[in-house]
2 protein chains.
Amino acid sequence: MLTKLEEFILLSVWRLGENAYGATIFRYICDTTGKNLSLGGVYFPLERLTHQGYLRSYMGITTPERKGLSRRYYKLTPKATAALEELRRINETMWAGFPDWAASVQSISK
Amino acid sequence: MLTKLEEFILLSVWRLGENAYGATIFRYICDTTGKNLSLGGVYFPLERLTHQGYLRSYMGITTPERKGLSRRYYKLTPKATAALEELRRINETMWAGFPDWAASVQSISK
DNA sequence: TCACTTTTTCTACATTTTAGAATACGCTTC
DNA sequence: GAAGCGTATTCTAAAATGTAGAAAAAGTGA
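Predicted model only: the values in this text are computed from it and were never measured. (Residues numbered from 1 in each chain as written. Chains lettered and ligands numbered in written order. Predicted model: local features only at pLDDT ≥ 70, side-chain atom pairs only at ≥ 80, totals over all residues. Heavy atoms only, no water.)

A. Quick peek at the overall build of chain A. If you tally the helices and strands in chain A, you get 4 helices and 2 strands. Among the 110 residues that make up chain A, the fraction classed as buried is 40%. (Helix = DSSP H or I, 4+ residues; strand = E, 2+ residues; numbered from the N terminus. Buried < 20%, exposed > 50% of the residue type's maximum accessible area, 1.4 Å probe, protein only.)

Listed below in structure tokens is the structure:
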């Protein structure tokens, strides 16, 4: 099963689209969760997920007029999309009916 | 931050109500996720969560006419409820707009 | 008493996370 | 053209967490 961090990383890659690389993913997760991750704690799972076939990565070759080391960008593979959809279903079942959840989900009235 | 297992354990305790003890929690999570957890992998975090103040536990003293070791029941503390509500908010933000999610959530049209 | 069922507890090992230091690269400035 | 700065990635060691399964506990029934 994907860990929570892996789940969040995959979702971040999906959401950031063309702009998904280590540093932006790190910042996005920190901002959204309000927690302080460590940088290493995002780069390491990125590699792991790539090895496991959830992500494809490629070096940024375009527009090299910016400062710094060249970026390594990430994209979801179909395997990742499938895993996320399964996870979404599991999450939905687990959380169904939890107080306050009702406010944003249809067809649960309690 | 709570791990995924801890999240699922807390949700199971909430859902199982008066019937939340190690073995039922274990079975509920296995059934819902379709994964094979190990038993030890549920008892250990249960103790951890209790120590950290997310759960209160008490031994089952009622109706001792059943077989087996006496059960240790669990209940959520207010700290756990608060953590779950925060997590729900984070999850909602992370998952908002993800394909297929739309089917069960209001006001997302894409 | 012995075997059986349900449940918890324990142990050893593998994986994942945390925290932060080290390294890389390309501008800019002196 | 060397030094410093900002953006990024890579690496390392320690701590926390998860996996797998064996062992133990307690009551029931043969």
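B. Spotlight on the relation of the copies chain A and chain B. With an axial shift of 0.0 Å and an RMSD of 0.0 Å, the rotation relating chain A to chain B amounts to 180°. Each copy turns onto its partner about a two-fold axis. Both copies present the same face, since 100% of the interface residues in chain A are matched by interface residues at the equivalent positions in chain B. (Least-squares fit on C-alpha atoms with pLDDT ≥ 70 in both. Contact = heavy atoms within 4.5 Å.)

C. Just the protein's contact with DNA strand C, in detail. Close to DNA strand C lie 26 residues, the nearest being Thr3 and Arg48 of chain A together with Tyr21, Tyr43 and Arg71 of chain B. When the atoms of DNA strand C within 4 Å of the protein are grouped by moiety, sugar and phosphate amount to 71% of the total. In the environment of DNA strand C, a phosphate oxygen lies 2.8 Å from a nitrogen or oxygen atom belonging to the side chain of Tyr21 of chain B. Backbone polar atom of Ala23 of chain B to a phosphate oxygen of DNA strand C: 2.9 Å apart, as the coordinates give it. Top element by residues in the surface near DNA strand C is helix H3 (residues 40–51) of chain A. It accounts for 4 residues. Partitioning the surface near DNA strand C into residue classes produces 10 nonpolar, 9 polar and 7 charged. (Near = heavy atom within 4 Å. Polar contact = N/O pair within 3.5 Å; in protein donor to acceptor, adjacent residues only side chain to side chain. Nonpolar A, V, L, I, M, F, W, Y, C, P; charged D, E, K, R; others polar.)

D. Representation of the interface of chain A and chain B within the structure. In this complex, chain A contributes 37 residues to the contact, which on the side of chain B involves 37 residues. Carbon and sulfur atoms supply 68% of the area buried between chain A and chain B, which totals about 3,800 Å² over both sides. Among the residues chain A hides against chain B, the three largest losses belong to Lys4, Met94 and Trp95 of chain A. Together they make up 21% of the total. With its nearest N and O atoms 2.4 Å apart, the salt bridge here joins Glu7 of chain A to Lys4 of chain B. Inspection of the chain A/chain B interface yields 12 residue pairs in polar contact (both at pLDDT 80 or more). Sorting the residues of the side of chain A that touches chain B by element identifies helix H1 (4–16), helix H2 (22–33) and helix H4 (78–95) of chain A as the ones contributing at least two each. (Buried area = accessible area lost by both parts, 1.4 Å probe. Salt bridge = Lys/Arg side-chain N within 4 Å of Asp/Glu carboxyl O.)

E. Molecular detail of the pattern of salt bridges. Residues and elements named next belong to chain A. Going through the model one piece at a time under the given rule, you end up with 10 salt bridges over all chains. Note that Glu6 is salt-bridged to Arg48, the shortest N-O span being 2.3 Å. You can see Glu6 sitting in helix H1 and its partner Arg48 sitting in helix H3, a full 42 residues away along the chain.

F. Summary view of the protein's contact with DNA strand D. Inspection of the region around DNA strand D gives 27 residues, with Tyr21, Tyr43 and Arg71 of chain A together with Thr3 and Ser38 of chain B positioned closest. Among the atoms of DNA strand D close to the protein, meaning within 4 Å, 67% are from sugar or phosphate groups. For DNA strand D, a phosphate oxygen lies 3.5 Å from a polar atom in the backbone of Gly22 of chain A. The separation between a phosphate oxygen of DNA strand D and a polar side-chain atom of Arg48 of chain B is 3.0 Å. Elements that contribute at least two residues to the surface near DNA strand D include exactly H2 and H3 of chain A together with helix H3 (40–51) of chain B. Grouping the constituent residues of the surface near DNA strand D by class yields 8 nonpolar, 10 polar and 9 charged.

G. Structural view of the packing of aromatic side chains. By the definition in use, this model includes 8 aromatic pairs over all chains. Ring plane angle 70° and centroid distance 5.1 Å describe the contact between Phe98 of chain A and Trp14 of chain B, whose orientation is recorded as edge-to-face. Highlighted residues: Phe98 of chain A in the segment after H4 and Trp14 of chain B in helix H1 (residues 4–16), drawn from two different chains. For Phe98 of chain A, a relative accessible area of 2% corresponds to the buried category. (Phe/Tyr/Trp six-rings, centres within 6.5 Å; stacked < 30°, edge-to-face > 60°.)

H. Molecular detail of helix H2 (residues 22–33) of chain B. With 12 residues, H2 of chain B extends 17 Å between its outermost C-alpha atoms, agreeing within 8% with the 16 Å of an ideal straight helix rising 1.5 Å per residue. The element H2 of chain B is extensively covered by neighbouring structure, given that 9 of its 12 residues are classed as buried. Of the residues making up H2 of chain B, those classed as buried are Gly22, Thr24, Ile25, Phe26, Tyr28, Ile29, Cys30, Thr32 and Thr33 of chain B. Elements in contact with the buried residues of H2 of chain B: H4 of chain A together with H1, H3 and strand E2 (72–76) of chain B. (Expected span 1.5 Å × (residues − 1).)

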